[in-house]
Every structure is written in C-alpha cells, then in structure tokens.
Amino acid sequence: MTKTEQKSLLLKRNLVLEAREEPTPEDESRAITWMPRGMELLDWLGIYSQFHKKGVFRGLHQFENQHGKLLEWSFDQLESPYQYSLQLPQHDTEVIFEDAARKTGMIEIRRGHKVIEATQTKDNVIVKVQNKKGLYEISAPWGVGCDGAKSIIKSRLAIEKTWRDYGINSAVADFEMDCHLSIDISNIVLDPQRPYGFFYFVPGRW
Ligand SMILES: Cc1cc2nc3c(=O)[nH]c(=O)nc-3n(C[C@H](O)[C@H](O)[C@H](O)COP(=O)(O)OP(=O)(O)OC[C@H]3O[C@@H](n4cnc5c(N)ncnc54)[C@H](O)[C@@H]3O)c2cc1C
C-alpha cells in the first residue's frame, strides 16, 4: 500500500468498487431475461446492438398442464419496438456494461476491492476498502450502495432490508440437460402438485 493509498482520498470522479475479481461465471444464469422496457433503456444507452448480437429471443410464453397445452401468450401485441424478451447470461451483461462504462472515460472500476465499512458525516461518505495489498479509506460527497442482497452498506447505515423467504416449496436452479423444448418459448407447466417452468439460457443449460 502506497502513502497515497493510505491517505483518505477525496474523489473527483466516479468510482466503482467491486469485490469480485471476475464477472459472474459464464455458465451461471442469474439475471438472464431482458424485457422490452429494459431493451428500450439499452437502446437509449447506445449498447442494445451488442445484446442483440449475443442474445436469444423469446416471443412466446406457453402454459400447459398434465393434459396438454392451455394457452399461448405472445408478445406481438406489445407497444414497443421490442416484441420479445431477450435471454443472455448475466456474465455477458456484466461484460458489456463494464466495457461500455470504461469507454466513457468517466468511470474508474476497481475489481477485487471490497468495502468493509461505511460511515457518513454531514458532507461526506467514508468507506473503508480492502484489496490484496491491504486497507485504504475513501471519502466522497456521494456514495451509492449497490452491493446486493447481503449489503454491507445497508447494514452499516442501518437501512432496513425487505426480505421474503419463499421457503422450501420453491427453487431456482440451473439444469444441465438435453431436451426437445424450443429455445425461443418459455415452457410453464401448471402441475397442480408443483408448478414448474423451463427457460433456456445457454446450450445444454436450462
Ligand atoms: C440462480 C438465479 C437466477 C436468477 N434469475 C434471474 C432472472 O432470470 N431475471 C432477473 O431479472 N433476475 C434473476 N435473478 C436475480 C438477479 O440476479 C438479481 O436480482 C440481481 O443480480 C440483483 O442485482 P444487484 O446489483 O442488486 O446485486 P448483485 O447482482 O448481487 O450485485 C452486487 C455486486 O456487489 C458486489 N459486492 C457485494 N458486496 C460488496 C462489497 N462489500 N464491496 C464491494 N463489492 C461488493 C458483488 O460482488 C456483486 O458484484 C436470479 C438470481 C439467481 C441467484
């Protein structure tokens, strides 16, 4: 750790502190579905074409039960230029966003830098950060906490968390499997015992 890093720094531009060294792994689904309004936002940001190039389009929800098909719900009536949802593993979304953010020249992104403490004064937010080299402190007029479900920022600033536990009757999982299902349709089975659905995200994974 250099002397400069040891000092409390007053930031003059935007800084992202990210605990992980790498984006979400390629074979993990997480946030895979982009809806039309989200795609309009991507278009506004000027990065939609990159999502279009890599994504898989879904234009139909299909519901069935043990006796057969119940209904099809197409997106073609939507008042949007995007009459489909777009599937893309979260890995790709993170990579595209990170690259676009760096290209603006307005943002510094530090990977492998974990916030371990956060406090605030009348004028500043002060965060303590840990990386491979050690600890350092940063002070800035504004801080935005977007550190996920187990947020340190929220807990340190005593911001209440709204948490809903769905119990053991529901699960989200990535399945490795070969199947006959079409990748551009979401398949939802309204089994009275236990409803389930399959959503494609990368070859051989649902
Ligand atoms: C299996 C699974 C499937 C999902 N499928 C979908 C889906 O299809 N569609 C959908 O919309 N959503 C889906 N989600 C939910 C979606 O992934 C989350 O809602 C979304 O990622 C939340 O975003 P976030 O930015 O709040 O938190 P996160 O994505 O968790 O991001 C928080 C970031 O902060 C970093 N961080 C955490 N603590 C610190 C710290 N102290 N210092 C520095 N950095 C820190 C983390 O490393 C992480 O990169 C799914 C989630 C899971 C687990």
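Residues numbered from 1 in each chain as written. Predicted model: local features only at pLDDT ≥ 70, side-chain atom pairs only at ≥ 80, totals over all residues. Heavy atoms only, no water.

Draft legend 1. How the structure looks around the nonpolar core. By size, the foremost hydrophobic cluster in this structure holds 11 residues: Trp34, Met39, Leu42, Ile47, Tyr48, Phe51, Tyr82, Tyr84, Leu86, Leu88 and Ile96. Residue assignment for this core shows that the elements contributing at least two residues are helix H2 (36-45) and helix H3 (48-54). Leave out the neighbours within four places in its chain, and Tyr48 touches Met39, Leu42, Asp43, Phe57, Tyr82, Tyr84 and Leu86. Membership of the second largest hydrophobic core comes to eight residues, among which are Ala118, Val125, Val127 and Ile153. (Core = buried A, V, L, I, M, F, W, Y, C linked by side-chain atoms within 4.5 Å. Buried < 20%, exposed > 50% of the residue type's maximum accessible area, 1.4 Å probe, protein only. Helix = DSSP H or I, 4+ residues; strand = E, 2+ residues; numbered from the N terminus. Contact = heavy atoms within 4.5 Å.)

Draft legend 2. Inspection of the UniProt feature "domain: FAD-binding" (unreviewed entry) in the protein chain at higher detail. Taken from the UniProt record, the annotation "domain: FAD-binding" (unreviewed entry) applies to residues 13-164. The straight-line gap between the two end C-alpha atoms of residues 13-164 is 36 Å; of that span, 24% is helix and 34% is strand. (UniProt positions renumbered as here; feature names shortened; annotations may be inferred.)

Draft legend 3. Just the site of the ligand, in detail. As a matter of local geometry, the ligand sits amid 18 residues, with Glu18, Ala19, Arg20, Arg30 and Val115 nearest to it. The backbone of Val115 places a nitrogen or oxygen atom 2.9 Å from a nitrogen atom of the ligand. Burial of the ligand by the surrounding chains reaches 58%, relative to a free accessible area of 990 Å². Elements represented by at least two residues in the shell around the ligand include exactly strand S2 (14-18) and strand S9 (114-120). Counting contributing residues per domain, the shell around the ligand is built from domain 1 (1-19 + 112-163) and domain 2 (30-107 + 170-206), each supplying no fewer than three. (Near = heavy atom within 4 Å. Polar contact = N/O pair within 3.5 Å; in protein donor to acceptor, adjacent residues only side chain to side chain. Areas by Shrake-Rupley, 256 points an atom, 1.4 Å probe, with all protein chains shown as cover. Domains from an automatic or database assignment.)

Draft legend 4. Highlighting the pattern of salt bridges. Summed over the entire model, instances satisfying the criterion amount to 14 salt bridges. A salt bridge links Asp27 to Arg205, with the nearest nitrogen and oxygen atoms 3.8 Å apart. Of this pair, Asp27 sits in the loop between S2 and strand S3 (33-34) while Arg205 is found in the segment after strand S13 (196-198), placing the two residues 178 residues apart along the sequence. A residue is classified by how much of its surface remains accessible, and Arg205, at 17% relative accessible area, is buried. (Salt bridge = Lys/Arg side-chain N within 4 Å of Asp/Glu carboxyl O.)

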